[in-house]
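Residue strings, one per chain:
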Amino acid sequence: MTRRVNYEDNIFYLTLVFKGIAAGLKLNIDTELYRDRILEDIRFLDRTCSSIYQSLKANHLMIDRLAHIKGLLKLNSNLMALLKDILDERFPMASALEQDFDLLQRIRSNREVELAGLREMTARLGESGSDQEQIVSEEEFKFLLSSEEQEDDSSG
């Protein structure tokens, strides 16, 4: 049985996690209490964005694929900007994360590579989007056929 992935909700939730991290970094919070949590949330975003990216890359026939790619592209861009601000020590908490700058730089590099891939996918889908034929799911097809049969039965 194939599992259904709700990309829209997944990306929305990751965006909320991102906003929480960004807001926390702007505050003058106790670094001893929140440092590990913020690092783990950044690692979580990195892993999960990568997982969603791989899934979107592999599923060429997905409905609304371009919209999901654009959502992930925006999230990756924002995350990269946030990581740059941390590495440039633009947040009060950045100095507490200094010992983890190597990790944060690697995560930023991961996001950069995937961001390039997402931009390429967007460009490719944008070019073929006008020529792309509509894809009808099996459920939609069954619904359309059953509606036609019902109309034939009622008119005949």
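(A) Main features of the side chain of Asp100. Relative to the elements of secondary structure, Asp100 occurs in the loop between α3 (65–87) and α4 (101–129). Leaving out residues up to four positions away in the same chain, Asp100 has contacts with Arg35 and Leu39.

(B) Layout of the side chain of Thr122. Here Thr122 is to be found in helix α4. The class for Thr122 is buried, based on a relative accessible area of 18%. For Thr122, the side chain forms a polar contact with the main-chain oxygen of Leu118, separated by 2.8 Å. If near-sequence neighbours (up to four positions away) are discounted, Thr122 is found in contact with Leu66, Ile69, Lys70 and Leu73.

(C) Quick look at the pattern of salt bridges. This model, assessed by the stated rule, comprises 10 salt bridges. Between Arg35 and Asp100 there is a salt bridge whose closest N-O contact spans 2.3 Å. In this pair, Arg35 sits in helix α2 (residues 31–58) while Asp100 sits in the loop between α3 and α4, placing the two residues 65 residues apart along the sequence. Of the two residues, Arg35 and Asp100, neither departs from the other in class, the shared state being buried. Asp88 is paired through a salt bridge with Arg90; the nearest N and O atoms lie 3.5 Å apart. Taking the relative accessible area as the measure of exposure, Arg90 reaches 53% and is therefore exposed. One network of salt bridges, in which partners are shared, links Lys84, Asp85, Asp88 and Arg90.

Quick notes on the rules
Residues numbered from 1 in each chain as written. Predicted model: local features only at pLDDT ≥ 70, side-chain atom pairs only at ≥ 80, totals over all residues. Heavy atoms only, no water. Helix = DSSP H or I, 4+ residues; strand = E, 2+ residues; numbered from the N terminus. Contact = heavy atoms within 4.5 Å. Buried < 20%, exposed > 50% of the residue type's maximum accessible area, 1.4 Å probe, protein only. Polar contact = N/O pair within 3.5 Å; in protein donor to acceptor, adjacent residues only side chain to side chain. Salt bridge = Lys/Arg side-chain N within 4 Å of Asp/Glu carboxyl O.

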